[in-house]
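Analysis of the macromolecular model
Listed here are the chains, written in short residue letters.
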Amino acid sequence: NAGVTQTPKFHILKIGQSMTLQCTQDMNHNYMYWYRQDPGMGLKLIYYSVGAGITDKGEVPNGYNVSRSTTEDFPLRLELAAPSQTSVYFCASSRQGADQNSPLHFGNGTRLTVT
Amino acid sequence: AQSVAQPEDQVNVAEGNPLTVKCTYSVSGNPYLFWYVQYPNRGLQFLLKYITGDNLVKGSYGFEAEFNKSQTSFHLKKPSALVSDSALYFCAVTHASNTGKLIFGQGTTLQVKP
């Protein structure tokens, strides 16, 4: 099993451009998440999904959009990129919610720089 | 609102000595608590969890954590540190009916010196 796969690993984006960070998992997990990690700030939840066709906002959703058309894929869309979106982005998945005793499986991250 | 705090940015220990990485939390209702570890340029890996039951939980790589409800703490411990334990450690919390919204602390860097 590949687990959770994120692409690209690195990307440099100009201010105002848009891009999509890809995330796919092959574990047939229902729940998927997008986090951003900034130095000294830990991980902040951007969006999450409890199943195909269902998404919800996390702590820091502004400037991002997501979709969940299949169980496997959970892309994160950045519209009109801003320097404040420079970060490392992690996708994760779990069989059930964390409150159901189900650990998260993380991808290796996408390091995004907006200049 | 739920939150978790890791009061130390960095913990330094000598190899072979015991280690503790601290975590305190705030949540309404019964907490579900987790520890994750992150090695350089990698995603987070699950170490252990407390959901209910025994206050001392054991996890991967010889780590354990003690849940203390009165002090709202969930400190990570290991009796004898290894150099290979050097990494970034995250505490996380959620609670029942929160549909998977896991909230992470800011992380603590553990440095184990030979």
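Now for a look at the structure at hand.

With that out of the way, let us pick up the state of the cysteines. Taken as a whole, this structure holds two disulfides over all chains when the rule is applied. Note on cysteine connectivity: Cys23(A) is disulfide-linked to Cys91(A), with sulfurs 1.9 Å apart. Between Cys23(A) and Cys91(A), the S-S torsion sits near -70°, and that sign places the bridge as left-handed. Taken as a pair, Cys23(A) in strand E3 (residues 19-25) and Cys91(A) in strand E9 (residues 87-94) lie far apart in primary sequence, 68 residues in all. The class of Cys23(A) is buried, set by a relative accessible area of 2%. Covalently, Cys23(B) is tied to Cys91(B) through a disulfide, its sulfur atoms 2.0 Å apart. Handedness of the Cys23(B)-Cys91(B) disulfide follows from its S-S torsion of about -65°: it is left-handed. In this pair, Cys23(B) sits in the loop between strand E3 (19-21) and strand E4 (24-26) while Cys91(B) sits in strand E10 (residues 87-95), placing the two residues 68 residues apart along the sequence. The same class applies to Cys23(B) and to Cys91(B), which are both buried.

Right, let's get into the environment of Ala82(A). All names here are of chain A. Relative to the helices and strands, Ala-82 resides in the loop between strand E8 (76-78) and E9. You can call Ala-82 partly exposed: its relative accessible area is 25%. Expressed as a C-alpha distance, the spacing of Ala-82 and Ser-18, which sit 64 residues apart in the sequence, is 9.7 Å.

Moving on, we come to the nonpolar core. Residue and element names in this part refer to chain B. By size, the foremost hydrophobic cluster in this structure holds 28 residues, and its most contacted members are Trp-35, Leu-47, Leu-48, Phe-74, Leu-76 and Tyr-89. The biggest single contributor to this core is E10, with four residues. Among all residues touching Leu-48, those that are not within four sequence positions of it are Leu-33, Phe-34, Trp-35, Val-57, Lys-58, Gly-59, Phe-63, Glu-64, Ala-65, Phe-74 and Leu-76.

Summed over all chains, the structure comprises five salt bridges over all chains. Salt-bridge contacts for Glu79(A) lead to Arg77(A); the nearest nitrogen and oxygen are separated by 3.1 Å. For Glu79(A), a relative accessible area of 36% translates into the label partly exposed. Linking Glu66(B) and Lys77(B) is a salt bridge whose minimum nitrogen-to-oxygen distance equals 3.5 Å. With Glu66(B) in strand E8 (residues 64-68) and Lys77(B) in strand E9 (residues 73-78), this pair connects stretches of sequence that are 11 residues apart.

One pass over the structure, following the stated rule, counts 16 aromatic pairs over all chains. Between Phe106(A) and Phe104(B), the ring centres sit 6.2 Å apart and the planes meet at 75°, which makes this aromatic pair edge-to-face. Placement of the pair is Phe106(A) in strand E10 (residues 105-106) and Phe104(B) in strand E11 (residues 103-104), with the two residues belonging to separate chains. Of the two residues, Phe106(A) and Phe104(B), neither departs from the other in class, the shared state being buried. By the ring-pair criterion, three or more aromatic residues cluster together here, those being Tyr31(A), Tyr33(A), Tyr35(A), Phe90(A), Phe106(A), Phe34(B), Tyr36(B), Phe46(B), Phe90(B) and Phe104(B). Positioned above the aromatic ring of Phe74(A), the side-chain terminus of Arg68(A) is 6.0 Å from the ring centre. Positioned over the ring face of Phe63(B) is Lys78(B), at 5.0 Å from the centre of the ring.

What counts, and where the lines are drawn
- Residues numbered from 1 in each chain as written.
- Chains lettered and ligands numbered in written order.
- Predicted model: local features only at pLDDT ≥ 70, side-chain atom pairs only at ≥ 80, totals over all residues.
- Heavy atoms only, no water.
- Disulfide = S-S within 2.5 Å.
- Helix = DSSP H or I, 4+ residues; strand = E, 2+ residues; numbered from the N terminus.
- Buried < 20%, exposed > 50% of the residue type's maximum accessible area, 1.4 Å probe, protein only.
- Core = buried A, V, L, I, M, F, W, Y, C linked by side-chain atoms within 4.5 Å.
- Contact = heavy atoms within 4.5 Å.
- Salt bridge = Lys/Arg side-chain N within 4 Å of Asp/Glu carboxyl O.
- Phe/Tyr/Trp six-rings, centres within 6.5 Å; stacked < 30°, edge-to-face > 60°.
- Lys NZ or Arg CZ within 6 Å of the ring centre and 35° of its normal.

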